[in-house]
Amino acid sequence: PDCRGAGAAYVETGRGAHMSPSLVHRLATLAPIPLRIILGIIMVAHGHQKVFEQPKDQLPGALESMGVPAPERVARFVSGLEFFGGLALLAGIFTRPIALLFAGQFLFIVFRMKWTKGLVPGYEYDLALLGGFLSLALLGGGSGSLDELLFEQRQERKATRGWRLTIARKAQ
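Report follows, based on the coordinates.

A few words now on unusual backbone geometry. Here Val 120 and Pro 121 are connected by a cis peptide whose omega angle stands at 5°. Considering the arrangement of structural elements, one finds Pro 121 in helix 6 (residues 119-139). Of note, Ala 70 is a non-glycine position whose phi angle comes to about 50°, a positive value. Mapped onto the secondary structure, Ala 70 falls in the loop between helix 3 (58-65) and helix 4 (71-91). Relative accessible area serves as the criterion here: at 40%, Ala 70 is assigned to the partly exposed category. Residues other than glycine seldom take positive phi values, yet Phe 94 does so here, at roughly 55°. Look at Phe 94 and you get partly exposed, because its relative accessible area is 46%.

And the structure:
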């Protein structure tokens, strides 16, 4: 039974009031939003620095010293990923694949660049970002993201079309 009136967010289960499944689902769709926006801002800032402010040979030089092949190409990719990928996260477009690319980048940073420094004051910040990107890869962009607006509507249309085809076949 509902313990706080019609349409309440809490239901009485005999062991106390608990959030209703519909509220939990709604909160779950909102959960990625602050994560996506904060990570997007961080990555745009870092990408902007690499693309527009740092000397063009700084990142390739660092990558070359670590033995990364084609350091100039990798540096351009990383710089573009951080800046444009961060903008995409802010908009919530292609959230899952971009988050996976960032997760790969931060796996490299944690295990190849900073592991020997230890957790504190070494790779704790990068590990937190890695966790955030893995969460976005699992959750997607959340409510109001362009992913939701563009791709989930398409999924709903496909599901509806499939439903109609099933009914039409049964009617025959």
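This part takes up the side chain of Lys 50. Among the secondary structure elements, Lys 50 is positioned in helix 2 (residues 32-53). According to the relative accessible area criterion, Lys 50 is buried, its value standing at 17%. Contacts of Lys 50, omitting those with residues within four sequence positions, involve Lys 56, Leu 59, Ser 79 and Glu 82.

Turning our attention to the environment of Pro 71. Examined against the element boundaries, Pro 71 turns out to sit in helix 4. Between the alpha carbons of Pro 71 and Leu 59 there is a distance of 8.1 Å; along the sequence they are 12 residues apart. In contact with Pro 71, not counting residues within four places along its chain, are Pro 60, Leu 63 and Glu 64.

We now examine the nonpolar core. Across soluble globular proteins, nonpolar side chains have a tendency to be buried as a group. Formed by 17 residues in total, the largest nonpolar core has its most connected members in Leu 39, Leu 89, Phe 102, Phe 106 and Phe 133. If you list the elements that add at least two residues to this core, you get helix 2, helix 4, helix 5 (95-114) and helix 6. Top contributing element to this core by residue count: helix 5, with six residues. Apart from residues no more than four positions distant in its own chain, Leu 39 is found in contact with Leu 89, Leu 129, Gly 132, Phe 133 and Leu 136. Core analysis: the second largest hydrophobic core is formed by six residues, Leu 59, Met 66, Val 68 and Ala 75 among them.

Here we come to the side chain of Arg 36. Looking at where Arg 36 falls in the secondary structure, it is placed in helix 2. In this structure the side chain of Arg 36 is engaged in a polar contact, spanning 2.9 Å, whose partner is the backbone oxygen of Leu 90. Of note is the side chain of Arg 36, whose polar atom sits 2.9 Å from the backbone oxygen of Gly 141.

Looking now at the pattern of salt bridges. This structure, assessed with the given rule, holds two salt bridges. For the salt bridge of Glu 82 with Lys 50, the shortest nitrogen-to-oxygen distance reads 2.8 Å. Here Glu 82 is found in helix 4, whereas its partner Lys 50 is found in helix 2, with 32 residues between them in sequence. Across this residue pair, the class does not change: Glu 82 and Lys 50 are buried. Of the charged contacts, one joins Asp 126 and Lys 114 as a salt bridge, the two residues approaching to 2.7 Å between their closest N and O atoms. In this pair, Asp 126 sits in helix 6 while Lys 114 sits in helix 5, placing the two residues 12 residues apart along the sequence.

Cut-offs and rules
- Residues numbered from 1 in each chain as written.
- Predicted model: local features only at pLDDT ≥ 70, side-chain atom pairs only at ≥ 80, totals over all residues.
- Heavy atoms only, no water.
- Helix = DSSP H or I, 4+ residues; strand = E, 2+ residues; numbered from the N terminus.
- Buried < 20%, exposed > 50% of the residue type's maximum accessible area, 1.4 Å probe, protein only.
- Contact = heavy atoms within 4.5 Å.
- Core = buried A, V, L, I, M, F, W, Y, C linked by side-chain atoms within 4.5 Å.
- Polar contact = N/O pair within 3.5 Å; in protein donor to acceptor, adjacent residues only side chain to side chain.
- Salt bridge = Lys/Arg side-chain N within 4 Å of Asp/Glu carboxyl O.

On their own, these measurements won't tell you what the molecule is for.
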